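A structural walkthrough
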Amino acid sequence: MRILNVAAAQMGPIQKAESRETVVKRMLALLAEAKSKGADLVVYPELALTTFFPRYYMIDQKEVDTWFESEMPNAAVQPLFDAAAAANIALSIGYAELTPDGHHFNTQILTDRTGKIIGKYRKIHLPGHVEFDTERAFQHLEKRYFEPGDLGFPVFRALGGIFGMLICNDRRWPEAYRVMGLQGVEMVVLGYNTPAINSQRSAEGPEQRLFHNRLSVQSGAYQNSTFVVAVAKGGDEDGFPLIGGSLIVDPNGVILAEAKTEGDELLVCACDLDETAFGKKTIFDFERHRRIEHYGRITSQTGVILPPE
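A brief report on the enclosed structure follows.

About the criteria used
- Residues numbered from 1 in each chain as written.
- Predicted model: local features only at pLDDT ≥ 70, side-chain atom pairs only at ≥ 80, totals over all residues.
- Heavy atoms only, no water.
- Patch = residues over 30% accessible without salt bridge, like charges linked within 9 Å, V, L, I, M, F, W, Y side chains within 5 Å.
- Areas by Shrake-Rupley, 256 points an atom, 1.4 Å probe, with all protein chains shown as cover.
- Salt bridge = Lys/Arg side-chain N within 4 Å of Asp/Glu carboxyl O.
- Helix = DSSP H or I, 4+ residues; strand = E, 2+ residues; numbered from the N terminus.
- Contact = heavy atoms within 4.5 Å.
- Expected span 1.5 Å × (residues − 1).
- Buried < 20%, exposed > 50% of the residue type's maximum accessible area, 1.4 Å probe, protein only.
- Arc of directions from axis to C-beta.
- Core = buried A, V, L, I, M, F, W, Y, C linked by side-chain atoms within 4.5 Å.
- Pairing = 2+ DSSP bridges.
- Axes fitted to C-alpha atoms, helices over the stretch in contact; angles between N-to-C directions.
- Phe/Tyr/Trp six-rings, centres within 6.5 Å; stacked < 30°, edge-to-face > 60°.

A few points about a nonpolar patch on the surface
A surface patch of nonpolar side chains, about 340 Å² in accessible area, is lined by Tyr57, Ile59 and Phe132. As for its position among the elements, Tyr57 is in the loop between strand S2 (41-43) and helix H2 (61-65).

Points about the side chain of Glu204
With respect to the element layout, Glu204 can be found in the loop between strand S8 (187-192) and helix H6 (206-224). For Glu204, the contacting residues outside a window of four places in its chain are Ala196, Ile197, Asn198, Arg209 and His212.

Looking at helix H1 (residues 20-36)
Given a rise of 1.5 Å per residue, 17 residues ought to cover 24 Å, and the 24 Å separating the end C-alpha atoms of H1 matches this to within 8%. Here H1 has its buried residues at Arg20, Val23, Val24, Arg26, Met27, Leu30, Leu31 and Ala34. Considered in projection along H1, the buried side chains sweep an arc of 155 degrees and stay on one side of the axis. Exposed and facing more than 90 degrees away from the buried side of H1 are Lys25, Lys35 and Ser36.

Some thoughts on the nonpolar core
Nonpolar side chains in soluble globular proteins tend to end up buried together. Among the nonpolar cores identified, the biggest contains 44 residues, and Val6, Leu41, Leu166, Met187, Leu190, Val229 and Ile248 are the most heavily contacted of them. Sorting elements by how many residues they give to this core places strand S9 (residues 227-232) first, with six residues. Core analysis: the next-biggest nonpolar cluster, separate from the first, contains 28 residues, Val24, Leu80, Phe81 and Ile89 among them.

What to know about the pattern of salt bridges
Per the counting criterion, the structure on display carries 19 salt bridges. Residue Arg26 pairs with Glu18 through a salt bridge whose shortest N-O separation is 3.8 Å. The closest approach of N and O atoms between Glu97 and Arg122, which form a salt bridge, is 2.9 Å. Within this pair, whereas Glu97 is found in strand S3 (residues 90-98), its partner Arg122 is found in strand S5 (residues 117-122), the two being separated by 25 residues in sequence. Linked by salt bridges that have partners in common, Glu97, Lys120, Arg122 and Asp150 make up one network.

Concerning the sheet that holds strand S4 (residues 104-111)
The strand order across the open sheet formed by six strands is S5-S4-S3-S2-S1-S14, and the pairing between neighbours is mixed. Only two strands of the sheet have a single neighbouring strand rather than two, namely S5 and strand S14 (265-272). Strand-to-strand, the axes of this sheet are offset by a mean angle of 25 degrees, without reference to chain direction. Of the strand pairs in this sheet, S3 and S4 are connected by seven bridges, and their pairing is antiparallel. Along S4, the bridge assignment pairs Ser92 with Leu110. H1 contacts strand S1 (3-10), S2, S3 and S14 of the sheet and is inclined by roughly 40 degrees relative to S14.

Digging into the packing of aromatic side chains
With the rule as written, the count across this model stands at 10 aromatic pairs. Seen in terms of ring centroids, Tyr57 and Phe132 are 5.6 Å apart; in terms of plane orientation they differ by 80 degrees. Their pairing is edge-to-face. Placement of the pair is Tyr57 in the loop between S2 and H2 and Phe132 in the loop between S5 and helix H4 (142-145), with a sequence separation of 75 residues. On the basis of relative accessible area, Tyr57 is assigned to the partly exposed category, the value being 34%. When its relative accessible area of 48% is taken as the criterion, Phe132 is described as partly exposed.

What follows is the structure, given as structure tokens:
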């Protein structure tokens, strides 16, 4: 048995006016609760340090850059890193990354128990649009403010297991899980900020959005025999509601724990990483069963090509 106590640290809304320091105090409170419950790893949401700023249309790059972190950890976040190291707890945190050479990414990191960053992932499947869209109920400008991730889908050895990371929309794409599955991933940690209403189809509200969240996470876990820890930022951010629904899913696709609120809430589960072995050796024994000679279309084509009439 390789038992890992993982904590999904769901966060409630972060208003536009809130400072990083204020947010980090909330993250520290969740960390303290995780410590009291014996957690080895605490996973925070996508863009955990700020409001979901891609909903706002900005034309001044200096204004845009105020939402990005040019260092990690920086002065505002260092207390969280220090507290986690003192508690011997690893972290995974999502934030907006501004690189030294001026690139902008939606990023997630993984630390070891000493606070050292040992893994980084940059969101690849960016949703939304670039220019202001008058047809939408609200804006979703990730394609304006972020570049597609350039690190692929790496996995990392940590905490006695093999870990991968995804961010929000990535969880909907089976290819993302599969690339990590082909590297033996045993736990995928991901953060998300998902609007409670589809901006282009108002009838699609929280119930259906939560259904799609569960569906995406459970299928990714089952089809790759891996644990998945999906962590939300939820609640009403300055009039824009986000779903909660954080959940921890086992390698059979079974939900082990799910958030009951849209606020700051901690889920803790003891996950035996050895439970991933059965599925990897039987139904999803990739080496025996995959037929890559028939999968070429997956990597050679983007848009749909219809069959001849």
